[in-house]
Amino acid sequence: MNAASADLLLHGACSIVSWWEGAPEGADALAIADGRVVGLGLAAELRQRFSCAREHDVQGALLVPGFVDAHTHPVFATGRAEEFDWRAQGVDYLEIARRGGGILSSVRAVRECAEETLQPIVREHLQRMLRHGTTTFEGKSGYGLTTESELKSLRVMHQAAEELGMTLSSTFLGAHMVPAEFKEAPEDYLEILCQEMLPAVQEQGLATSADVFIEEGAFTLEMGRRYLERAKELGFALRIHADQFHALGGVELGVELGASSVDHLEELSDAGLEALALSGKTFAGLLPSMPHFLRMTTDAPARRMLQAGVPYFVATDFNPGSSYTPSLSEAAHFARVRLRMTAEEALHGVTLGAAASLGLEAQKGHLRPGADADVLALDLPDHFHFGYGFGENPVTTVWLGGQAVSL
Ligand code: NIG
Ligand code: FE
């Protein structure tokens, strides 16, 4: 039998997390051809099956699928470090927002930024995510809140992701907050969202999902329903910021409308949990670095959700106001500490679970033969160490489509 050809053999792994049931016991090597995984097993066996143009010894690293961050807000122009001080002095997150800070201060900064100025800033945010192992991400707009600034935000995110070779699943979050100029007439902004912004984003093919922040001081449940129904009619998949500070019914609404995910859930009600468990399709988006960052004492009831079989992912919620980290390893640490997840559950949450919530599970989030060869080498002796330490980036090499990238 002639050996098939492969471009690259990665070998010498301490083990490989592939989410492939057919993986042979003790697999320590991956064969890659044309940007895809073509074989996974013992190096000696793969060398017989494939004639490999190149080999690379990963020297005992743990190989895992490229991380998938299914909830990020990377299109901001500046950080909000001064708010971090105000919060230390006792002013809470929603109070800062009421005073015109918070999300609306990021909105002012993005509006002022020319597209060519914003693009390299966003690219730098994505570069930080990539350095921490994120190869595929869901990225939201939501700091523009005018048609023009939202389209600009989505364009720069697409361009930056493409330049870095990252895979983007893009989400329109024009319903992040009611902008200051509509403070007295929020319904008028909702009409613009539904009649002008959603159609424009859809026509220009700039986002596949739409998101809304259903919360006191942001959008009411009724407004959320109007927006999400319109988005669904236009063909958007739905993702919702729900039950972050108050359980307002956003989870139940998401399940009713067949949303891909409802995210946050720190204040999830029993009714919300029941709706999610019955659905079995709407993912729970778990963002455990957010309550850490905001000094919250509540956490999403992850164990109860997992027990009820709710599909889930773990994400960073990378943004300047409530979770300033681009690192999914860090998010996994918080998932293990605050949400009581095992290493395997956390790893699933940042790879296959996240990919499935985005409809990308055919190619992303696992290393089964046929998957895109987005692979990470982690400097960890086994998978139990994932999310165990914190404050250190375990990622030593990232391959995108089988190509090592310089970090
Ligand atoms: O997911 N809750 C709404 N949006 C973000 C925070 C955005 C910000 O503070 O800039 C979140 O926590
Ligand atoms: Fe968020």
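As a reminder, the structure under discussion sits directly above these lines.
Just so it is clear, the model here is predicted, and its values are computed rather than measured. (Residues numbered from 1 in each chain as written. Chains lettered and ligands numbered in written order. Predicted model: local features only at pLDDT ≥ 70, side-chain atom pairs only at ≥ 80, totals over all residues. Heavy atoms only, no water.)

Before going further, it helps to spend a moment on the sheet that holds strand S16 (residues 395-400). Strand order in the open sheet formed by five strands is S2-S6-S15-S16-S17, with mixed pairing between adjacent strands. Lying at the two open borders of the sheet, with one neighbouring strand each, are strand S2 (15-16) and strand S17 (403-404). By the bridge criterion, two bridges tie S16 to S17 in an arrangement that is antiparallel. Bridge pairing in S17 links Leu400 to Gln403. (Pairing = 2+ DSSP bridges. Helix = DSSP H or I, 4+ residues; strand = E, 2+ residues; numbered from the N terminus.)

Bringing the packing of helix H6 (residues 147-164) against helix H7 (residues 186-203) into the picture now. Across the interface, H6 lies against H7 with an axial gap of 10 Å and an inter-helix angle of 25°. With respect to each other, H6 and H7 are oriented roughly parallel. When the axes of H6 and H7 are compared, the crossing they make is right-handed. Taking contact as the criterion, the partners of Thr147, Glu150, Leu151 and Leu154 in H6 are, on H7, Glu196, Met197, Ala200 and Val201. (Axes fitted to C-alpha atoms, helices over the stretch in contact; angles between N-to-C directions. Parallel < 35°, antiparallel > 145°, perpendicular 65-115°, else oblique. Left-handed = near helix turned anticlockwise from the far one by under 90°. Contact = heavy atoms within 4.5 Å.)

What the four strands build is an open sheet, ordered S4-S3-S1-S5; its pairing is mixed. Looking at which strands have only one partner, the edges of the open sheet turn out to be strand S4 (36-41) and strand S5 (50-57). With strand direction ignored, the average angle separating the axes of adjacent strands in the sheet is 30°.

Ranked by internal contacts, the top residues of the largest apolar core, which has 105 residues, are Phe67, Tyr227, Leu265, Leu286 and Met305. Formed by 18 residues, the second largest nonpolar core is a distinct cluster that contains Leu10, Leu30, Val37 and Ala61. (Core = buried A, V, L, I, M, F, W, Y, C linked by side-chain atoms within 4.5 Å. Buried < 20%, exposed > 50% of the residue type's maximum accessible area, 1.4 Å probe, protein only.)

As a structural note, the neighbourhood of ligand 1 is formed by 15 residues, with Tyr93, Tyr143, His176, Gln244 and Ser322 the closest of them. A distance of 3.4 Å separates an oxygen atom of ligand 1 from a polar side-chain atom of His73. Contacts to ligand 1 include Tyr143, whose side-chain N or O atom sits 2.6 Å from an oxygen atom. Look at ligand 1: alone it shows 330 Å² of surface, and the protein chains cover 100% of it. Comparing atom positions with the cavity grids shows ligand 1 to sit within the largest cavity. For the shell around ligand 1, the per-class residue count stands at four nonpolar, nine polar and two charged. (Near = heavy atom within 4 Å. Polar contact = N/O pair within 3.5 Å; in protein donor to acceptor, adjacent residues only side chain to side chain. Areas by Shrake-Rupley, 256 points an atom, 1.4 Å probe, with all protein chains shown as cover. 1 Å grid on protein atoms, 1.4 Å probe; cavity = no way out; pocket = protein on both sides within 12 Å on 5 of 7 lines; lining within 4 Å. Sits in = over half its atoms within 2 Å of the grid points. Nonpolar A, V, L, I, M, F, W, Y, C, P; charged D, E, K, R; others polar.)

A few words on the side chain of Glu138. Turning to its location among the elements, Glu138 is positioned in strand S8 (residues 134-140). We classify Glu138 as buried; its relative accessible area is 0%. Apart from the residues within four sequence positions on either side, Glu138 is in contact with Asp69, Ala70, His71, Thr72, Ser169, Thr171, Arg239 and Leu358.

A few words now on the environment of Glu124. By the secondary structure assignment, Glu124 is in helix H5 (residues 115-131). As for Glu124 and Arg54, which are separated by 70 residues in sequence, their C-alpha atoms are 31 Å apart.

Another aspect to go through is empty space enclosed by the protein. Left-over empty space is what a probe sized like a water molecule reveals as it rolls over the atoms. Scanning the entire structure with this criterion turns up three cavities of 30 Å³ or more. Its volume calculated, the largest cavity comes out at about 90 Å³. If you trace the largest cavity, you find 14 residues lining it, with His73, Tyr93, His176, Asn319 and Ser322 closest to the centre. Tallied by class, the residues present in the lining of the largest cavity amount to four nonpolar, eight polar and two charged. Taken as a whole, the second largest cavity spans an internal volume of roughly 40 Å³. Lining the second largest cavity we find Gly66, Val68, Thr135, Thr136, Gln363, Lys364, Gly365, His366, Asp372 and Asp374. Residues that form the lining of the second largest cavity fall into these classes: one nonpolar, six polar and three charged. (Points joined across faces, edges and corners; volume = space filled by probe spheres on them.)

With that settled, consider helix H13 (residues 328-337). In an α-helix there are 3.6 residues to a turn, and that puts residues three or four apart on one side. Burial analysis of H13 places eight of its ten residues in the buried class, the great majority of the element. Residues of H13 that are buried make contact with strand S7 (67-72), S8, helix H11 (289-293), strand S14 (312-314) and helix H14 (343-349). For H13, the side-chain oxygen to backbone nitrogen distance between the N-cap and Ser329 is 3.3 Å, and the N-cap itself is Ser327.

This paragraph deals with the layout of surface pockets. Its volume calculated, the largest pocket comes out at about 400 Å³. For the largest pocket, the lining is made up of 19 residues, of which Ala97, Leu104, Met177, Val178 and Gly217 are closest to its centre. Elements supplying a minimum of two residues to the lining of the largest pocket: helix H3 (93-98) and helix H4 (103-112). With four residues, the single largest contributor to the lining of the largest pocket is H3. Class assignment of the residues belonging to the lining of the largest pocket gives a composition of 13 nonpolar, three polar and three charged. In terms of lining residues, the second largest pocket is bounded by 15 residues, among which Leu380, Gly389, Glu392, Asn393 and Pro394 are the most central. Looking at the lining of the second largest pocket, the elements that each hand over two or more residues are H13 and S16. When its residues are assigned to classes, the lining of the second largest pocket shows six nonpolar, six polar and three charged.

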